[in-house]
Amino acid sequence: MKIGILGGGTWGVALARMLSLAGRDVTVWSAIEQEVDQLASTRRHPNLGDMRIPDEICFTGNMEQACRGQNAVVFAVPSVYVRATAAKAAPYLGDGQVLVDVAKGMEPDTLLSMTGVIRDELQKAGVSCCPVALSGPTHAEEVALDMPTTIVAACEDEKLARWVQEVFSTPCMRVYTNTDVLGVELCGAMKNIIALTAGMSNGLGFGDNAKAALITRGIAELTRLGMAMGCQPQTFAGLAGVGDLVVTAMSPHSRNNRAGFLIGQGYSVEEAKAKVGMVVEGLNALPAAMRLIERYGVEMPIVETANAVVNGHISPKDAVTALMMREKKNETIPWTLQSEG
């Protein structure tokens, strides 16, 4: 079983190690020559502690080597680079290869999910594909330490989802399947925004009560949007929804949480991004989220307030007051009937 992984970040390398230890033949591609050299020579990732990369994993800057002849190709680059990476990989991909996306985001201009972006770009090159989204509560730092982890393989073609389930399952990784691929990907993208607000709450010095409120009401907002888009409500109550939101909003490993914490403490967005030092997907997801809110007419006050804070329209402290003093609501109104958050 040969697997190419496009992206030398923490998640791509943690997956590469896991798959290699499971007996897969793994090649990792990076567009950054220095990163390829460092990973290949040190067998360490600077953001994954003492995890050692197996000698069997090949690192390359050659896209053809990472794609041609692989049974599966995994897109593990940040969401903003998925389209460009798909275009670069397209000449070396063929019908019959399984494509897997682990990036989480929505393209702001097209409002496509990441599997939609991959499909769109490959179709331009005449490559037919049905990508599988692999998403869930999966911090790379814990996968790199062989800690128990669960994830969801989502695809409209259930056979492909089950194939990925089989290939990616290990004693430390339990893979579930789901045919609601849009719901799974929407959860993966939008929960990062809620995690930003949880971090802001921490930065302001608030406690568990506030964080629990943001997580609970946040999942209600994501569910309302998902149902308006035709997704299944069960998806949002599962690993890709509640599971991924909890781990991202609660963990010190979360880049979104850390960035939000810094913003809550008074750092600018650019200063917070620089201090985190890695891609903060919650910030990237906000433009698409605001367009989806407008398109589907769904009120999402937490997401909308996060957008106002990030764009400098309101301070984090004043944002809390604005959310707390909104019109009073009945929590038990079904999400399918509740037009307001």
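Residues numbered from 1 in each chain as written. Predicted model: local features only at pLDDT ≥ 70, side-chain atom pairs only at ≥ 80, totals over all residues. Heavy atoms only, no water.

## Brief notes about unusual backbone geometry
Its identity as a non-glycine residue notwithstanding, Leu111 has a phi of 60 degrees, on the positive side. Since its relative accessible area comes to 10%, Leu111 is described here as buried. Here the phi dihedral of Asp146 falls at roughly 60 degrees; this positive angle occurs in a residue that is not glycine. Looking at the secondary structure, you find Asp146 in the loop between α6 (140–143) and β7 (149–154). Residue class for Asp146 comes out partly exposed when judged on its relative accessible area of 35%. (Buried < 20%, exposed > 50% of the residue type's maximum accessible area, 1.4 Å probe, protein only. Helix = DSSP H or I, 4+ residues; strand = E, 2+ residues; numbered from the N terminus.)

## Quick look at empty space enclosed by the protein
Scanning the entire structure with this criterion turns up 2 cavities of 30 Å³ or more. The computed volume of the largest cavity comes to approximately 60 Å³. Considering the residues around the largest cavity, the lining is formed by Asp101, Val102, Ala103, Lys104, Gly105, Met114, Ala133, Leu134, Ser135, Glu185 and Gly188. Residue assignment for the lining of the largest cavity shows that the elements contributing at least two residues are β6 (132–135) and α8 (181–203). The element contributing the most residues to the lining of the largest cavity is β6, with 3 residues. Within the lining of the largest cavity, the residues separate by chemical class into 5 nonpolar, 3 polar and 3 charged. As a volume, the second largest cavity reaches approximately 40 Å³. (1 Å grid on protein atoms, 1.4 Å probe; cavity = no way out; pocket = protein on both sides within 12 Å on 5 of 7 lines; lining within 4 Å. Points joined across faces, edges and corners; volume = space filled by probe spheres on them. Nonpolar A, V, L, I, M, F, W, Y, C, P; charged D, E, K, R; others polar.)

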